[in-house]
Amino acid sequence: MEAFCFILTGSFVALSCGLLGVFLILRKMAMVGDAISHAVLPGIVLAYLVSESRDTIPMLLGAAAVGVLTTLLIEWLYSKARLQMDASIGITFTWLFAIGIILISLYTGQVDLDQDCVLYGEIAYVPLDLWILPNGKMLGPGPVWITGGGFLLILGLVIFGFRGFEITTFNPEYAAAIGISTVFWHYLLMSAVSITTVISFESVGAILVVAFLIVPPATAYLLTDKLQHMLWLTALFGVLSAFFGYYLAVAIDGSIAGAMSVVAGIFLTLALLLSPKGGVLRKQKIPSRTVG
Amino acid sequence: MSLTAVEIHNLTVTYDRRPVLWDIDFSLPAGHLIGVVGPNGSGKTTLLKSIMQLIPSSSGYIRLFDQPLEEVRHRISYVPQRESVDWDFPVSVRQVVRMGRYRRGNLLRRLSAQDKALADHAIEQVGMTAFADRQISQLSGGQQQRVFIARSLAQEADLYFMDEPFAGVDAASEDAILKLLSSMKEAGKTVVIVHHDLQTARSFFDWMVLLNTRLIKAGVTKEVFTSQNLQEAYGGQLTILSQVSDLVQEKDFPIREKQYRDKP
């Protein structure tokens, strides 16, 4: 039963992150996902300090606000301050993450949360739950409920927003020309990434969030040339990574999040070797791309 | 048809305070194939993007069929440059063309059977039915351009803006696109095309807008395509200048095939 809970939580996180990650990597914004997943930290801490509770809603709002702020900052540094995109991302998220770390260390007396928890998380003892320990209460619904709810939210968003994300990702200029707001869809995606990140944060930590945002979608990208299939394959690899990752962690008695990331990486390696598009083992069979 | 399709007044567009388009003022009649021609960096693409409101303009206003863009958006179609998308994107030809049926209003719903039929018809019009299920990176440049045009056709618009549809296009695709354009003209559509190649411009278009940051001249091709106008647009660029004088001096214009030589 315990194992089932861990795998379920991991799968929900993998599914939410993966579905959004597909659009992130197609927008060449994978590192923006990385940035958001780190930068929401001060949002979480501030929401906690302001609301003085560990309720999910204020934390989600805090994280979503900082997530959108992150993308605004990145875009401002890129377009107004004329820095390179990667430099803008690097500056923004290290800066915001550092603010989050400082906030945590300042309140480390009341909040039992350290940098390791933030980075690596741990399903085994759901560290952020300890936030409400001073008054002796544990919140009822475990991470399974929270990540499950998050997954349903993202699933609905991807089903109903599919065409919107598709067209604004593929050809934003054309989308704008037919009257679709690219700005709206951009910030919808960024908010969803922020919310997913904070939902997933406490159980799996920032590293696994980034891994699930990027690695299963990248694996799927290597294996298919249809967007729908890419979403399905991402879901499949995400769940498989959670499943085998958990048993790998049990077998080596190591970090669950770490093991899940490693398994996701193994799937990527297999895809690299076997991909019909650019697989190393099939290279000779591919017709060369027509240019011109 | 003396309807006005495009009307532009005092349009100025700047990037970083440097004007890219300066005080542009012209109107274009409906029902013609209209070329927008000028040297590199003369603001041709910027003109289309300003018309589609993809970039802000510093001054001036634009009317399409006597109305602002927002009112007539369903009658307007835009074909961006081929380089504007990542052709490795995981979609098929059919999926791209179906995007031509997307609207702000129907984005959350599935496409109707009629939408899908229109998309398939558009694919047929550009002669790409055999490739409909191909992923778009497996197409030649010309075929990719035809996919973009098919997506635009699926919109069933009246006024089309195309950015360099002939750039990097093979002969077969060029013929297919030209045939399509003339049938669009017969159907009363207006097509405004950014075109970089002077050699072919005169034969492709019956109207022309000659541009170099300022408007040099807009009018029927015969009046615009004079040595004086071309020198004003391309002045200083010696290689092109010599081409220009060649072009204008040659009375029988030997570059294109017979069908384009009917006017001596």
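On a predicted model such as this, the values are computed, not experimentally measured, just so you know.

**Remarks on the overall build of chain B**
Here is step 1 of the chain: A count of helices and strands for chain B gives ten helices and nine strands.
Here is step 2 of the chain: Out of the 264 residues belonging to chain B, those deemed buried represent 52%.
Here is step 3 of the chain: Counting only carbon and sulfur atoms, one obtains 46% of the accessible surface of chain B, whose full area is about 12000 Å².

**Looking at the interface of chain B and chain A**
Here is step 1 of the chain: On the side of chain A, 28 residues touch chain B, which itself brings 37 residues to the contact.
Here is step 2 of the chain: Buried surface at the junction of chain B and chain A, summed over both partners, amounts to about 3100 Å²; 55% is from carbon and sulfur atoms.
Here is step 3 of the chain: Among the residues chain B hides against chain A, the three largest losses belong to Phe89, Pro90 and Leu107 of chain B. Together they make up 21% of the total.
Here is step 4 of the chain: Taken together, chain B and chain A are joined by two salt bridges.
Here is step 5 of the chain: At the boundary of chain B with chain A, the tally comes to eleven residue pairs in polar contact (both at pLDDT 80 or more).
Here is step 6 of the chain: Sorting the residues of the side of chain B that touches chain A by element identifies α3 (93-98) and α5 (141-154) of chain B as the ones contributing at least two each.
Here is step 7 of the chain: Among the elements that take part in the side of chain B that touches chain A, α5 of chain B stands out by supplying three residues, more than any other.

**Structural notes on unusual backbone geometry**
Here is step 1 of the chain: A positive phi angle, near 55°, is found at Asp253 of chain A, a position not held by glycine.
Here is step 2 of the chain: Its place among the elements puts Asp253 of chain A in the loop between α9 (227-252) and α10 (256-274).
Here is step 3 of the chain: Although it is not a glycine, Asn10 of chain B sits at a positive phi angle of roughly 50°.
Here is step 4 of the chain: You can see Asn10 of chain B is positioned in strand β1 (residues 4-15).
Here is step 5 of the chain: Residue Asn10 of chain B is classed as partly exposed on the basis of its relative accessible area, which comes to 40%.

**Some words on the nonpolar core**
Here is step 1 of the chain: Formed by 126 residues in total, the largest nonpolar core has its most connected members in Val97, Met162 and Leu181 of chain B.
Here is step 2 of the chain: It is helix α8 (residues 182-223) of chain A that provides the largest number of residues to this core, a total of 17 residues.
Here is step 3 of the chain: Sequence-distant contacts of Val97 of chain B, that is, excluding residues within four places in its chain, are made with Ala119, Ala122, Ile123, Val147, Ala150, Arg151 and Ala154 of chain B.

**Describing the environment of Ala264 of chain A**
Residue and element names in this part refer to chain A.
Here is step 1 of the chain: Its place among the elements puts Ala264 in helix α10.
Here is step 2 of the chain: Take Ala264: its relative accessible area is 2%, and that puts it in the buried class.
Here is step 3 of the chain: Spatially, the C-alpha atoms of Ala264 and Phe237 are 7.1 Å apart, while their sequence positions differ by 27 residues.
Here is step 4 of the chain: In contact with Ala264, not counting residues within four places along its chain, are Val215, Thr219 and Ser241.

**Focus on the sheet that holds strand β2 (residues 18-29) of chain B**
Residues and elements named next belong to chain B.
Here is step 1 of the chain: Read across the sheet, three strands follow the order β2-β1-β4 without closing on themselves; strand pairing throughout is antiparallel. Sheet topology places β2 and β4 (59-64) at the edges, where each strand pairs with a single neighbour. Put simply, the sheet's adjacent strands are angled 15° from each other on average, direction ignored.
Here is step 2 of the chain: With eight bridges connecting them, β1 and β2 associate as antiparallel partners. From the neighbouring strand, Val13 faces β2, where its bridge partner is Leu21.
Here is step 3 of the chain: Docked against the sheet, helix α1 (residues 44-51) engages β1, β2 and β4, running at close to 115° with respect to β1.

**A short note on the sheet that holds strand β8 (residues 207-212) of chain B**
All names here are of chain B.
Here is step 1 of the chain: Spatially, the six strands line up as an open sheet ordered β5-β6-β7-β3-β8-β9, and their pairing is mixed. This sheet does not close on itself; its edge strands, each paired only once, are β5 (76-79) and β9 (214-220). Between one strand axis and the next, the sheet turns through 15° on average, direction left out of account.
Here is step 2 of the chain: Here strand β3 (residues 33-37) pairs with strand β7 (residues 190-195) via five bridges, running parallel. Considered in β7, the bridge of Val37 is made with His195.
Here is step 3 of the chain: Of the strands in this sheet, β3, β8 and β9 are in contact with helix α9 (residues 227-234), which crosses β8 at around 35°.

Rules used in this analysis
Residues numbered from 1 in each chain as written. Chains lettered and ligands numbered in written order. Predicted model: local features only at pLDDT ≥ 70, side-chain atom pairs only at ≥ 80, totals over all residues. Heavy atoms only, no water. Helix = DSSP H or I, 4+ residues; strand = E, 2+ residues; numbered from the N terminus. Buried < 20%, exposed > 50% of the residue type's maximum accessible area, 1.4 Å probe, protein only. Areas by Shrake-Rupley, 256 points an atom, 1.4 Å probe, with all protein chains shown as cover. Contact = heavy atoms within 4.5 Å. Buried area = accessible area lost by both parts, 1.4 Å probe. Salt bridge = Lys/Arg side-chain N within 4 Å of Asp/Glu carboxyl O. Polar contact = N/O pair within 3.5 Å; in protein donor to acceptor, adjacent residues only side chain to side chain. Core = buried A, V, L, I, M, F, W, Y, C linked by side-chain atoms within 4.5 Å. Pairing = 2+ DSSP bridges. Axes fitted to C-alpha atoms, helices over the stretch in contact; angles between N-to-C directions.

Purely geometric stuff here, so don't read any function into it on its own.
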